[in-house]
Amino acid sequence: ILNTERAHLDKIIKFEEIKDLIIALGAGIGDTINYAKLRYHRIIIMTDADVDGQHIMTLLLTFFYRHMPEIIKRGYLYVALPPLYQIKIGGSVHYAYTEQDKNQILKEHANGKKVHLQRYKGLGEMNPTQLWETTMDPKTRTLKQVQVEDAEAADQMFTTLMGSEVGPRKKFIQSRATMATLDI
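Cut-off values and rules
Every chain begins its residue count from 1, and numbering advances along the sequence as written. For a predicted model such as this one, the threshold for reporting local features is a pLDDT of at least 70, and the threshold for listing and counting side-chain atom pairs is 80 or more; totals across whole chains, interfaces and linings nevertheless cover every residue. The side-chain numbers reported here are obtained from all heavy atoms of the structure, hydrogens and water having been left aside. The classification of residues rests on relative accessible area computed with a 1.4 Å probe and restricted to protein chains. Under 20% of the type maximum is buried, over 50% is exposed, and intermediate values are partly exposed. Secondary structure elements are taken from DSSP: a helix is a run of H or I of four residues or more, a strand is a run of E of two residues or more, and numbering for both begins at the N terminus. The arc in question is formed by the directions pointing from the helix axis toward the C-beta atoms. By definition in these notes, contact holds between two residues if any of their heavy atoms fall within 4.5 Å. Two rings from Phe, Tyr or Trp (for Trp, the six-membered ring) form a pair when their centres are within 6.5 Å of each other. A pair whose planes differ by under 30 degrees is stacked, one over 60 is edge-to-face, and the rest are tilted. Two thresholds decide whether a charge sits over a ring: the Lys NZ or Arg CZ must be within 6 Å of the ring centre and within 35 degrees of the ring normal. Only strands joined by at least two bridges in the DSSP assignment are considered to pair. In this analysis, axes come from line fits to C-alpha atoms, helices being fitted only over the stretch in contact, and the angle between any two N-to-C directions falls in the range 0 to 180 degrees. Angles are sorted into four bins: roughly parallel if under 35 degrees, roughly antiparallel if over 145, roughly perpendicular if 65 to 115, and oblique for all others. Each crossing gets its hand from how the near helix is turned against the far one by less than a right angle, where anticlockwise is left-handed and clockwise is right-handed. When residues are grouped by polarity, Ala, Val, Leu, Ile, Met, Phe, Trp, Tyr, Cys and Pro land in nonpolar, Asp, Glu, Lys and Arg in charged, and all others, Gly among them, in polar.

Draft legend 1. Broad picture of helix α2 (residues 16-25). Turning to α2, its buried residues number three or more, namely Ile-18, Ile-22 and Leu-25. Taken down its axis, α2 places every buried residue within 70 degrees of arc, on the same side. Counted as exposed and oriented over 90 degrees from the buried face of α2: Glu-17 and Ile-23. Of the surrounding secondary structure, the elements contacted by the buried residues of α2 are α1 (9-14), β1 (43-45), α3 (51-67) and α4 (69-73). At the exit of α2 stands Gly-26, carrying a positive phi of roughly 85 degrees.

Listed below in structure tokens is the structure:
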């Protein structure tokens, strides 16, 4: 998806996926945006659980934050959290959403039992039942509502991470590199 942080509105609306999203939402964009025409009051971003999916999610969050901020302010934007792993231990099935979850589940439940571990590279690797149970079923899914607690800090973060200046982004990444969990 297009990085809308540094793109002009005319380029944004020419980008097919974003144009389709704008049309589906029904509120328009730019000077003509009318939130009263918004067709949905729950918009869920659902991307893969890996780093590529997180990058796509960040690009979508950038779009909403910069071009449809009222959707966030009104509490309409959510992020779905799909699992990274399915862990079968004996006759039970567990889903792990992080490496730490996986390690904890194995520590608590494996106890010498046969373990089958499946890492999902993306949502498309799940069969329809698994996708429903873990990410789509309102009774079992995990959704996080997107909220902005500090608008100034959020603005600075989007500018740093998604803007055109490489220096601040590089400094941000380097200063936090030791905290990173690599997805290899």
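Draft legend 2. Inspection of the side chain of Gln-130 at higher detail. Looking at the element boundaries, Gln-130 is found in helix α6 (residues 128-136). Among all residues touching Gln-130, those that are not within four sequence positions of it are Gln-86, Tyr-95, Gln-118, Tyr-120 and Glu-125.

Draft legend 3. Broad picture of the packing of aromatic side chains. With the rule as written, the count across this model stands at 1 aromatic pair. Between the NZ or CZ atom of Arg-42 and the centre of the ring of Tyr-78, over which it lies, the distance is 4.9 Å. The residue whose ring lies beneath Arg-119 is Tyr-85, and the NZ or CZ to ring-centre distance is 5.8 Å.

Draft legend 4. Layout of the pairing of strand β2 (residues 77-80). A two-sided burial pattern is seen for β2, the buried positions comprising Leu-77 and Val-79 on one face and Tyr-78 and Ala-80 on the other. One ladder, built from 3 bridges, connects β1 with β2; its direction is parallel. Across the sheet, the residue bridging to Ile-45 is Val-79, located in β2.

Draft legend 5. Structural context of the packing of α2 against α3. Closest axis-to-axis distance for the α2/α3 pair is 13 Å, and the angle between their directions is 50 degrees. Comparing the axis directions of α2 and α3 gives the class oblique. The way α2 lies across α3 gives a crossing that is right-handed. Only Leu-60, Phe-63 and Phe-64 of α3 make contact with α2, whose side of the interface consists of Ile-18, Leu-21, Ile-22 and Leu-25. By residue class, the composition of the contact of α2 with α3 is 7 nonpolar, no polar and no charged.

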